[in-house]
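As a plain string of letters, each chain reads:
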Amino acid sequence: MQTITMTVNGRGITATVEGRTLLVEYLRENLQLTGTHIGCDTSQCGACTVHVDGLSVKSCTIFVGELDGAEIRTIEDMENADGSLSPLQKAFQDHHGLQCGYCTPGMIMSLSALLRDTPKPTEAQIRHHLEGNICRCTGYANIVKAALAASGQLDSADAG
Amino acid sequence: MYAFDLISPKSLDKALEALAEEEAQVLAGGQTLIPTLKARLAAPATLVSLRAIPELQGVSIKEGRLRIGAMTTHATVADQARSHFPALADLAANIGDPAVRNRGTIGGSLANNDPSACYPSAVLASGATIMTTKRSIQADDFFLGMFATDLEEGELIRAVEFPIPIAAHYEKFWQPASRFALTGVFVARYDNAVRVAVTGASEEGVFRWTAAEEALSKRFTADAVNELDRPDVDMISDLHGSAEYRASLTQVLTARAVARLQD
């Protein structure tokens, strides 16, 4: 067992865990942060995407033992301070960017990293950025639309 | 996964010490190794993470050569190598997906030498040098076939040093499901030579297409490539593409890379 100190969604945590524990397991089982989903468990689908030190990563492919001192952010911390949906989350709702919702936490974590670094991405940049996030419901069209809307690039005529 | 201990030493000496133990294995970015562990295809007693070792990180220019620490992620190379070696930055920016690029490392990719990985083609086409904990290895001597390298037991890559080409381009044909290179060709032009390295195509892993190098050294045009016979190496044949298809891709992608550099 190892003792790891990290910050999760702004909260300081000292964990005594096996270093080989996967981050996604630790978030879901130990911290009950079940918004981060396990999809493929093989680093393909992106449902488990979270931020580690501000970078989007697949939490199914990181060991907690490597995260001493790290700052972790998950979907549970993406809403506004008053509990309302963030602009990106709201855009997913408004533009029907989800159906079953399983991939959505990963999509939001991935796209929020893109929009932070590239506030006005092109459609091609959005699609390229989502290569590691798989959605089996939407066909991606409305996810891309939501990302364009959240970055203020969608005419109201295109809304719906 | 089978149970194992994970340790994260803060110095290279401590890492080497840990790796000298029975059934210890090194962990770089983990983007290949962790799925491999989950599939129970590896069973180390101890996994030694290199992530906490500062000297293995970073991109710098040293005597006109680009030096990249072994544990530098693809995302960092894409960002920090751009002004020095844009073709290498472009290659790094198109490996896997953004989350993989934030963890996966150049050293891990080279030590694994996956026959479809992108980095080996850049390293071989640039005539780069692999600096290890024991010696320097020229790219021409480093890659020894599919998943095989000249690295010895307990020898770690510290950094890769690239001579910066006058111009270079990497042309990759994506395998649409895995995003690995079905075939990828890196063309690098130097004062005295042109080097062409091909990944994803051969049963022997990354290789130099010497006939194309000779032709391009005399005449740097796409036509010079198109007039050649297809490379005579043992090509991979699988459900994604036949050997003939990969041989054809090698020629087409080389010609495309050259055409891009002529623009």
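Conventions adopted
Residues numbered from 1 in each chain as written. Chains lettered and ligands numbered in written order. Predicted model: local features only at pLDDT ≥ 70, side-chain atom pairs only at ≥ 80, totals over all residues. Heavy atoms only, no water. Helix = DSSP H or I, 4+ residues; strand = E, 2+ residues; numbered from the N terminus. Rg over C-alpha atoms; globule rule 2.2 N^0.38 Å. Buried < 20%, exposed > 50% of the residue type's maximum accessible area, 1.4 Å probe, protein only. Contact = heavy atoms within 4.5 Å. Lys, Arg positive; Asp, Glu negative; His and termini not counted. Charge placed at Lys NZ, Arg CZ, Asp CG, Glu CD. Domains from an automatic or database assignment. Buried area = accessible area lost by both parts, 1.4 Å probe. Salt bridge = Lys/Arg side-chain N within 4 Å of Asp/Glu carboxyl O. Polar contact = N/O pair within 3.5 Å; in protein donor to acceptor, adjacent residues only side chain to side chain. Nonpolar A, V, L, I, M, F, W, Y, C, P; charged D, E, K, R; others polar.

In the annotation of an unreviewed UniProt entry, chain B is listed under the name Carbon-monoxide dehydrogenase medium subunit and assigned to Roseinatronobacter thiooxidans.

If you check an unreviewed UniProt entry, chain A appears there as Carbon-monoxide dehydrogenase small subunit from Roseinatronobacter thiooxidans.

S.K.: In this structure, what is going on with the overall build of chain B? I would like to understand it.
M.R.: Counting its regular elements, chain B contains 11 helices and 12 strands. Against the compact-globule benchmark of 18 Å for 263 residues, chain B has a radius of gyration of 18 Å, which places it among compact chains. Each principal axis of the C-alpha atoms in chain B carries an extent, and together these give about 55 × 45 × 30 Å. Burial status across chain B gives 56% buried among its 263 residues. Counting only contacts in chain B whose residues sit at least 6 apart along the sequence, the fraction spanning at least 24 positions is 57%. Here chain B carries 25 positive and 33 negative side-chain charges, and the mean point of each set is 7 Å from the other.

S.K.: I'm lost on the domain arrangement of chain A in this one. Help?
M.R.: Accessible area lost on assembly of the parts is the figure often given for the size of an interface. All names here are of chain A. Segmenting chain A into domains produces domain 1 (2-77) and domain 2 (87-154). Distance from the C-alpha centre of domain 1 to the C-alpha centre of domain 2: 22 Å. Listed as interface residues are 17 residues of domain 1 and, on the opposing side, 14 residues of domain 2. Counting the surface lost from both domain 1 and domain 2, the interface buries some 1200 Å², and carbon and sulfur atoms represent 56% of this.

S.K.: Would you mind showing me how to read unusual backbone geometry here?
M.R.: If a residue is not glycine, its phi is most likely negative; likewise, a peptide bond is most likely trans. Residues and elements named next belong to chain B. Phi angles above zero are rare outside glycine, and Arg-40 is one such case at about 60°. Along the chain, the position of Arg-40 falls in the loop between helix 2 (33-38) and strand 3 (46-49). Residues other than glycine seldom take positive phi values, yet Phe-147 does so here, at roughly 55°. Locating Phe-147 in the fold gives a position in the loop between helix 8 (139-142) and strand 8 (157-163).

S.K.: Help me understand the interface of chain A and chain B, please; the structure alone is not making it clear to me.
M.R.: On the side of chain B, 27 residues touch chain A, which itself brings 21 residues to the contact. With both chains or domains summed, chain A and chain B bury close to 2100 Å², and 54% of this area falls on carbon and sulfur atoms. Among the residues of chain A in contact with chain B, A:Arg20, A:Phe63 and A:Glu66 are the three that bury the most area, contributing 31% of the side total. The partner of B:Lys38 in a salt bridge is A:Asp41, with the nearest N and O atoms 2.8 Å apart. Counting every contact that joins chain A to chain B gives 12 residue pairs in polar contact (both at pLDDT 80 or more). Breaking the side of chain A that touches chain B down by element, the ones donating at least two residues are strand 4 (55-58) and helix 4 (123-129) of chain A. Examining the composition of the side of chain A that touches chain B, we find that 4 residues originate from one element, strand 4 of chain A, more than from any other. Classifying every residue of the side of chain A that touches chain B by side-chain character gives 6 nonpolar, 10 polar and 5 charged.

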